[in-house]
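Summary of the model geometry
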Amino acid sequence: QVQLVESGGGLVQAGGSLRLSCAASGSIFSINAMGWYRQAPGKQRELVAAITSGGSTNYADSVKGRFTISRDNAKNTVYLQMNSLKPEDTAVYYCNAEVRSWFGNENDYWGQGTQVTVSS
C-alpha cells in the first residue's frame with residue numbers, strides 16, 4: 001500500500017505565494033510521473049503540473065510562469081511553488097503519483113487534498 005500526504009495549503013491574499021508538498025510512503029520501488037491536480041467547486045478536476053522521474057515538466061497554460069513543480073526522488077516528494085496567486089487559483093489541490101511496487105505492478109495514487117484559498 002502507498003500513502004500520499006500533502007501539506008502547505010492555506011489562505012493567502014492575491015499576489016501571494018504558497019508552497020505545497022506531497023510525500024509518498026509505503027511499498028514503493030519507483031515513482032514515474034508525479035503531479036498536482038486541482039478541483040474548484042462545481043468544476044472538474046484538472047491537471048496543474050506534472051513532472052517525470054527524469055525532471056521533465058508540464059504545466060497548465062493558466063499557471064505557466066507562476067507555478068513551479070519540482071521533486072526530490074530520494075525523499076519520494078513532489079513540491080509545487082505557487083507565486084502570484086490569483087483568486088481563480090482557489091481550489092482543493094491533489095497530489096498524484098504513478099507508483100511501481102516491489103511486486104512489479106503499477107498503480108495511480110492520490111493524496112487526500114489540501115485547500116488553497118486566494119482572497120482578492
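Before any of the text, the structure's been laid out above.
These numbers come from a predicted model, not from an experiment.

1. Some details on the sheet that holds strand E7 (residues 67-72)
Ordered in space as E1-E3-E8-E7, the 4 strands form an open sheet in which the pairing is antiparallel. At either margin of the open sheet sits one strand with a lone partner, and together these are strand E1 (2-7) and E7. Adjacent strand axes in the sheet meet at a mean angle of 15° when their direction is disregarded. Pairing of strand E3 (residues 18-26) with strand E8 (residues 77-82), which is carried by 6 bridges, proceeds in the antiparallel orientation. If you follow Ser-21 over to E8, its bridge partner there is Tyr-79.

2. Some details on the nonpolar core
Counting 32 residues, the largest nonpolar core has Trp-36, Leu-80, Met-82 and Tyr-93 as the members making the most contacts within it. Those elements giving two or more residues to this core turn out to be E1, E3, strand E4 (30-39), strand E5 (46-51), E7, E8, strand E9 (91-100) and strand E11 (114-119). The element best represented in this core is E9, accounting for 5 residues. With sequence-adjacent residues up to four places away left out, Leu-80 is seen in contact with Leu-18, Arg-19, Leu-20, Trp-36, Val-48, Ala-49, Phe-67, Thr-68, Ile-69 and Tyr-93.

What counts as what
- Residues numbered from 1 in each chain as written.
- Predicted model: local features only at pLDDT ≥ 70, side-chain atom pairs only at ≥ 80, totals over all residues.
- Heavy atoms only, no water.
- Pairing = 2+ DSSP bridges.
- Helix = DSSP H or I, 4+ residues; strand = E, 2+ residues; numbered from the N terminus.
- Axes fitted to C-alpha atoms, helices over the stretch in contact; angles between N-to-C directions.
- Core = buried A, V, L, I, M, F, W, Y, C linked by side-chain atoms within 4.5 Å.
- Buried < 20%, exposed > 50% of the residue type's maximum accessible area, 1.4 Å probe, protein only.
- Contact = heavy atoms within 4.5 Å.

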